[in-house]
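Structure assessment
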Amino acid sequence: MRVRFHGAAGEVTGSCHEVEAAGHRLLLDCGMIQGSEEDERRNEEPFGFDAARVDAVVLSHAHIDHCGRLPLLVKRGFTGPIWAQAATADLLRIMLEDAASLAEMDAMQDNKHRRDGHARHQPLFTKAEVKRVLAQVRPLGYGAPHDILPGIRLTLRDAGHILGSASVELAVREDGGERVLVFSGDLGPKGTPILRDAAPVPRADLLLMESTYGNRRHRERAATLAEIGEVLERAWNEGGNVLIPAFAVGRSQELLYWFARYFDEWKLARWKIFLDSPMAAKGVEVYDRHESLFDPQAQKVWRGRPHPFRLPNLQFTADVEQSRAINGHERGAIIIAGSGMCNGGRIRHHLRQNLGRPQAHVMFVGYQAHGTLGRRLVDGAREVRLFGEPIHVRATMHTVGGLSAHTDQPGLLAWYAQIENRPPVLLVHGEDDAREALAEQMRAKFGSDVVLARPGMEREV
C-alpha cells in the first residue's frame, strides 16, 4: 500500500490524498483550495493523477475544503463510487450546489466586463457536474466495516467535527497479510455541542493526522459562553444589533443550540433572531433528519423547549427581500449570516448597514484568515470598503474564542494516545508552525515516528 499527498500538506485547505492498494487507486477527500485569489486559481490546475484511473473516493466530511473539487474530478473522468457517512451525503448536496451557483454567478459577472475578442470565463464547475457527483455517492453508517473494493475494507468512525464527519480506517489485504491505514479527518474538540466526541481507532500501521491547531490550546468553553452572554447584554443596553458572521454548516447550528440552552439566562426572548442564510437553513433540515447522531445532552435539548431550530423568535430568511427587510431593524436584532470570514454572502450587506453605528456589535466566533474582511475588522480597521463604498467603522468588534470545530493540541495528543500501538504519523491539514509544534510533542510524549507531509511525497504502508 502506498500513499501520495496532493493537498492539505503544509496548508489547511485542498485535502486530497491518493492511496494505491490491492491493485486499486482511491482518494481520501478531494477538497477545494481556499485563500487568496492566487491560491484559489490552483483549483483550475490538473490533478497530480489521472482522474479516470481512480476507482473510488472516501470522503471524511462535507466542508468545501474536503469535498469541493469532486465535481472537477467527475468532469475529468472519474466514474466510481464516493463513500461517505449518511449525514455527510445529505450535506454534500447543499455544499456543492451552493458552490456551483457561486461559480456560475462569478463567471457571469466576470464575462459582463470582458471586451469583445477576449475568451469567456468558464465556471470551475456547474450544477450539471454536481448532479453527476451526487449520483455517485454511496452513504454508510458509523462503525460497520464495508468492502468497498476487492481487498479493501472501509470503516468510518465519528470524528466529532461537524455532523457526519468521520475518521477513515482502510484495512487492506494484500501479499498474504493485512495493513491498516487511518486518516483522522478533521477532529472536533471533546464536549462539542450537538456532536458526539471523536471515536478512537483501535490500531493502525500508518496514521494521516490533521494538525490545524497543533500549536494551540483553546479557551475554556464556559468562559466563551459567559462572554457571549456579556456581549448580548451590553448590546441590548446600548440599543444596537448583534451581527454574527458564521459558516452555514456547523457553526450556525451550534449557535442556535447555545441559544436554546441559554434562552432564559441570556434573556433572548426580547430579541429578534434572524438566520439569514438559505444554505444554513437547509443545513438545519439535515441536522433534524439525523438526530440519532447527536450526543445525549443534545438529544435532551431537542426534546425540550425551546427547540434550537424552532425558537419562538427565530426567523429564517429564504429570499433576498426578506433579507433586505432586516435592515429596518436598528436595534434588538441578532443576525447570523455567512460567510464566516465576511468575504461574501449576506453578512456584507448587514455590515454595510451596521458598521457605522456605535451601538452595533459584531461577534466573530470562528477563525478569520489573513486577507479577509473579517480579519481586517478583528485587527481594528477603522475604515473598510463594501460594495465600492468607504465605511467608517464605529461598531464594537468581539472575538469569541472557544467555539472552534477543530480540537487543539491537547485534544490531538489525547486522541492519538488512545491508539493502542502508537503508529507512525504523517501530519496533514496544518500550517508548518502548528505541525512542527505537534510533532515535537508527539515525539517527546510517545517516541513516535512523525513526519510532516509535503505535496508529492509518497509513503509505503
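Keep in mind it's a predicted model, so treat the numbers as computed, not measured. (Residues numbered from 1 in each chain as written. Predicted model: local features only at pLDDT ≥ 70, side-chain atom pairs only at ≥ 80, totals over all residues. Heavy atoms only, no water.)

1. Some remarks on the side chain of T212
We apply this condition: Counting from the N terminus, the helices are DSSP H or I runs at least four residues long and the strands are E runs at least two residues long. Burial classes: relative accessible area under 20% of the type maximum marks a residue as buried, over 50% as exposed, and values in between as partly exposed (1.4 Å probe, protein chains only). Counted as a polar contact is a pair of N or O atoms within 3.5 Å, where, for protein atoms, one must be capable of donating a hydrogen and the other of accepting one, and residues adjacent in sequence contribute only when both atoms are in side chains. Throughout, a residue-residue contact means that at least one pair of heavy atoms, one from each residue, lies within 4.5 Å.
With respect to the secondary-structure elements, T212 resides in the loop between β11 (206–210) and α6 (221–238). Assessed through its relative accessible area of 16%, T212 is described here as buried. Of the polar contacts made by the side chain of T212, one reaches the side chain of H406; its length is 3.3 Å. At 2.9 Å, the side chain of T212 and the side chain of H429 are in polar contact. Once residues lying within four places of it in the same chain are set aside, the contact partners of T212 are V12, H406, H429, G430 and A434.

2. Looking at the pattern of salt bridges
Which entries qualify depends on this criterion: Definition used for salt bridges: Asp or Glu carboxyl oxygen within 4 Å of a side-chain nitrogen of Lys or Arg.
Applying the stated criterion across every chain, the model contains 29 salt bridges. Notably, a salt bridge pairs R25 with E20, separated by 3.3 Å at the nearest N-O pair. The exposure class of E20 is partly exposed, given its relative accessible area of 25%. D379 is paired through a salt bridge with R375; the nearest N and O atoms lie 3.2 Å apart. When salt bridges that share partners are traced, they join R2, R4, E18, E20, R25, E458 and E460 into one network.

3. Observations concerning the nonpolar core
Under the convention used in this document: Nonpolar core, defined: a set of buried Ala, Val, Leu, Ile, Met, Phe, Trp, Tyr and Cys residues in which side-chain atoms within 4.5 Å join the residues together.
Counting residues in hydrophobic clusters, the biggest one holds 79 residues, and the most contacted among them are L70, L73 and F259. Apart from residues no more than four positions distant in its own chain, F259 is found in contact with I244, W266, L268, I273, L311, I334 and I336. Of all hydrophobic cores here, the second largest spans 29 residues; its members include F5, L140, I148 and L426.

4. Thoughts on the sheet that holds strand β13 (residues 272–275)
Convention followed: Any two strands with at least two DSSP bridges between them are considered paired. Lines fitted to the C-alpha atoms define the axes, with helices restricted to the stretch that makes contact. Angles between their N-to-C directions range from 0 to 180 degrees.
What the 6 strands build is an open sheet, ordered β14-β13-β15-β12-β16-β19; its pairing is parallel. Both edges of this open sheet fall to β14 (314–316) and β19 (396–399), since each of them pairs with a single strand only. When the angles between neighbouring strand axes are averaged without regard to direction, this sheet yields 20°. Bridge count between β13 and β14: 3 bridges; the pairing is parallel.

5. Considerations on helix α9 (residues 296–303)
What counts, and what does not: The directions considered for the arc are those from the helix axis to the C-beta atoms.
Of the residues making up α9, those classed as buried are A298, V301 and W302. Taken around the axis of α9, the buried residues stretch over an arc of 100°, which confines them to a single face. Exposed residues on α9 whose side chains face more than 90 degrees from its buried face are P296, K300 and R303. Summarising the contacts, the buried residues of α9 are in contact with α7 (251–261) and α8 (278–289).

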